[in-house]
Amino acid sequence: DKKERLKVNKMFQNPLRVLIIEDSQVDQTMLSAMIAESSDGLSFVQIADTLQTAITLLKSYEFDVIILDLNLPDSHGENTILEINNHAPKIAIVVNTGAYEDALGVKTLSIGAQDFLVKGKYNGYTLNKTLYYAVERKRLEQELFALCEQIKDTQDQLVQTEKMKTVGTLASGVAHEVRNPLATILYGVTYLQDHIKSKDKNILHVFENIKEAAEKANNIIADLLDFSHINQLN
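The rules we used
- Residues numbered from 1 in each chain as written.
- Predicted model: local features only at pLDDT ≥ 70, side-chain atom pairs only at ≥ 80, totals over all residues.
- Heavy atoms only, no water.
- Buried < 20%, exposed > 50% of the residue type's maximum accessible area, 1.4 Å probe, protein only.
- Helix = DSSP H or I, 4+ residues; strand = E, 2+ residues; numbered from the N terminus.
- Arc of directions from axis to C-beta.
- Right-handed = clockwise from strand over helix to strand, strands pointing away.
- Pairing = 2+ DSSP bridges.
- Contact = heavy atoms within 4.5 Å.
- Axes fitted to C-alpha atoms, helices over the stretch in contact; angles between N-to-C directions.

Caption draft 1: View of helix 4 (residues 78–87). What helix 4 keeps buried is the set T80, I81 and I84. The buried side chains of helix 4 occupy one side of the element, clustering within an arc of 90° when seen end-on.

Rendered as structure tokens:
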């Protein structure tokens, strides 16, 4: 489709940083040539023929996309993509499978790949379109993940707020229930102090202790009411 080609060609104007992980020299050469011929800009391409070499390159350079052969001298099958995804979780991965391995290619989409190609069944244009689409898909995946994390944090905050409101309501209820009998105690102690004229220091000390304890409890009740008021406003 001509419109589709024009759209993709505009994407090709931005060169990609590509890591080719492939142990076949023939495939290495072919992939490099296809990337060069179908990209308007000069893409940055590095090649690794083993998993360990790829990991070293990932530590040394920044890449947009990885073209990955699953079967390497030091790694095979699903383990290869899992290892690469572990070392480069933010980089798009396009699996380059062997002929008749379409089922395996589809499976890689569920374990970290953004797309897959079957060797011998694509040209330069198809390769580059797949690479650019994989990069865009990875970007959208990361945005979606970040959004999900933000929603989760917001939900946690809302749950915490509701918990605090519940605690505030409970504190308010308890404070009001306790305050009335506490006021009676304070009034009673004050009345007794005023009307019992005793010279017994022990009796006077007991009155003071009761009054101090009641006033302390009253201050705690006041703090509880302030706490409940703040949480009910939030």
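Structure's up, so let's keep going.
Caption draft 2: Looking closely at the pairing of strand 4 (residues 92–97). Within strand 4, 6 of the 6 residues are buried, which leaves it mostly tucked inside the rest of the structure. Residue alternation in strand 4 divides its side chains into two sets, A92, V94 and N96 and I93, V95 and T97, and both sets are buried. Each parallel crossover has a hand, and for strand 3 (residues 65–68) linked through helix 4 to strand 4 it is right-handed. For strand 4 and strand 5 (residues 115–118), the ladder comprises 4 bridges, and the chain directions are parallel. Within strand 5, the position partnered with T97 by the bridge is V118.

Caption draft 3: Geometry of the side chain of D27. For D27, the location among the structural elements is in helix 2 (residues 25–38). In this structure D27 comes out as buried when scored by relative accessible area, which is 14%. Excluding its chain neighbours within four sequence positions, the residues that come into contact with D27 are E22 and K119.

Caption draft 4: Fine view of the sheet that holds strand 2 (residues 44–48). Taking strand neighbours across the sheet as the criterion, the 5 strands line up as 2-1-3-4-5 in an open arrangement whose pairing is parallel. What marks the edges here is a single partner per strand, and that holds for strand 2 and strand 5. On average, adjacent strands in this sheet sit at an angle of 20° to one another, irrespective of strand direction. Here strand 3 runs beside strand 4; their pairing, made up of 4 bridges, is parallel. Bridge pairing in strand 4 places I66 opposite I93. Sheet contacts for helix 3 (residues 51–60): strand 1 (17–21), strand 2 and strand 3; angle to strand 2, the most-contacted strand, approximately 145°.

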